[in-house]
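Understanding the architecture of this molecule
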Amino acid sequence: YKPLTTRDVHWTRVDSTPAGTPWAELIKFCIARTKYSTDCIGILLREVSAQFSGMHTVLYLLVFGILFPWLARVRFRFAIPKPLSLNYYLGKNMRKLFLHTFRRYAATLAEFNQCAPRTSITAHTEQLRNMSSVLHKFVSYPVGDFDRFISPFLKTELVEELATFGDYSLLLRRPSLSIVKDLLRIRELQTQPSGDTSVSGDLNLQSHAVPRFVTYGQPGTGISVTLAQISHFAATNNWLVFPFPDAERWLYRCVDLTPSNEYHQDQHKPNLVGDAFDYPSRSANWLQGFVKMNEGFLEKYKPLTTRDVHWTRVDSTPAGTPWAELIKFCIARTKYSTDCIGILLREVSAQFSGMHTVLYLL
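Treat the numbers as computed from the prediction; the structure is a model and nothing was measured. (Residues numbered from 1 in each chain as written. Predicted model: local features only at pLDDT ≥ 70, side-chain atom pairs only at ≥ 80, totals over all residues. Heavy atoms only, no water.)

**Topic: helix α13 (residues 280-293)**
Given 3.6 residues per helical turn, the α-helix brings residues three or four places apart onto the same face. The criterion, for reference: Runs of E in the DSSP output that reach at least two residues are strands. Runs of H or I that reach at least four are helices, and both are numbered from the N terminus. Here the expected span of a helix is defined as 1.5 Å times the quantity of residues minus one. Here the term buried applies to any residue with accessible area under 20% of the maximum for its type, exposed to any over 50%, and partly exposed to those in between, with areas from a 1.4 Å probe on protein chains only.
Here α13 contains 14 residues, and its C-alpha end-to-end distance of 20 Å stays within 8% of the 20 Å for a straight helix at 1.5 Å per residue. Of all the positions in α13, only P280, R282, S283, A284, W286, L287, F290 and M293 are classed as buried.

**Some thoughts on helix α11 (residues 223-236)**
For α11, spanning 14 residues, the distance from its first C-alpha to its last is 20 Å, which sits close to the expected 20 Å at 1.5 Å a residue. In terms of residue burial, α11 counts as a mostly covered element, since 11 of its 14 residues are buried. All of the buried residues along α11 are V225, T226, L227, A228, Q229, I230, S231, H232, F233, A234 and A235. The positive-phi residue at the C-terminal boundary of α11 is N238, with phi of around 60°.

**Structural notes on the pattern of salt bridges**
The condition is simple: Salt bridges are defined as contacts in which a side-chain nitrogen from Lys or Arg sits within 4 Å of a carboxyl oxygen from Asp or Glu.
Applying the stated criterion across every chain, the model contains eight salt bridges. The shortest N-O distance in the salt bridge between E47 and R46 comes to 3.4 Å. Of the charged contacts, one joins R346 and E347 as a salt bridge, the two residues approaching to 3.3 Å between their closest N and O atoms. In this structure R346 comes out as partly exposed when scored by relative accessible area, which is 26%.

**Considering the packing of aromatic side chains**
Note the following rule: By convention, a stacked pair of Phe, Tyr or Trp rings (six-membered ring in the case of Trp) has centres within 6.5 Å and planes under 30 degrees apart, an edge-to-face pair has planes over 60 apart, and any other such pair is tilted.
The full count for this structure, using the stated rule, is 14 aromatic pairs. Considering the side-chain rings of F146 and Y168, the 4.9 Å spacing of their centres and the 55° angle between planes classify their relative orientation as tilted. Within this pair, whereas F146 is found in helix α8 (residues 143-150), its partner Y168 is found in the loop between α9 (156-165) and β4 (169-171), the two being separated by 22 residues in sequence. In terms of burial, F146 and Y168 fall into one category: buried.

Following this line, the structure appears as structure tokens:
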């Protein structure tokens, strides 16, 4: 076909290519002068829109699998916005472009939503009673529950995709259901009277170490989703949840890392090897998420501190202070936020042995 350009192309104030230049020659020129290559792709897309409407068949192949792996097998029927330049497609705004396009044409996913296996059983106890009928099916969560209990464990990209389609659904898999089942059984055993003989055939976990569950697998196998679903179960049942979805990041050095004050260093010197460091901003953000996730527990049980807390030689908090008040104080004064997390962990060990169920999610 030997297509030709329909307009003059001005690369700079000096370099230009006249209209009527063969595409092959234009491309060869831009390959030789790579600084023009990005603009060249945009020009080709523009020329396609101008010349080949109905005359020839043009196929755009966009790699959706990179951005949305779970949508790679779904057929979409939507119009691609008319390209003006490659900068419209590439760079930092590429993901936003696709999300914007999907929001406009989200109605085309109705067929996919109907075909996806779904269950209307949302109660955790009912899911366990009907495990065979809910396995490998999607379950939808209320937006409020999803934001409070589930989204902290998921990748930002996945949360954005679910919000884009307005479909807060996750796949129910055996690991999450099995762990929830075991947690309920463990709690039942722990609350049995010590002389009860009805559990003679079971392992009495009260006399053993704290039960631990390990989820493992390659990245992308659903570990984060499993933790999120367990968190939803625990928080909606007023368990106390300590969420550390990115625990390894607390070991990395960052701009938020600051040395602890001298009083703190002297106070904990017998238990430390080397220096102590704090993460003020990161810890304050964690405390905000902790309050958000455990709002029901804090309102129902209103736990209090059992010891005086000495932040410095001047600042202190007396014993009997509500946790909610303590956390609010440390969020406002972020230099104490890292110590506050340690205090909460200490108070849990002191107060809640057997009285309430505490779940640590790492």
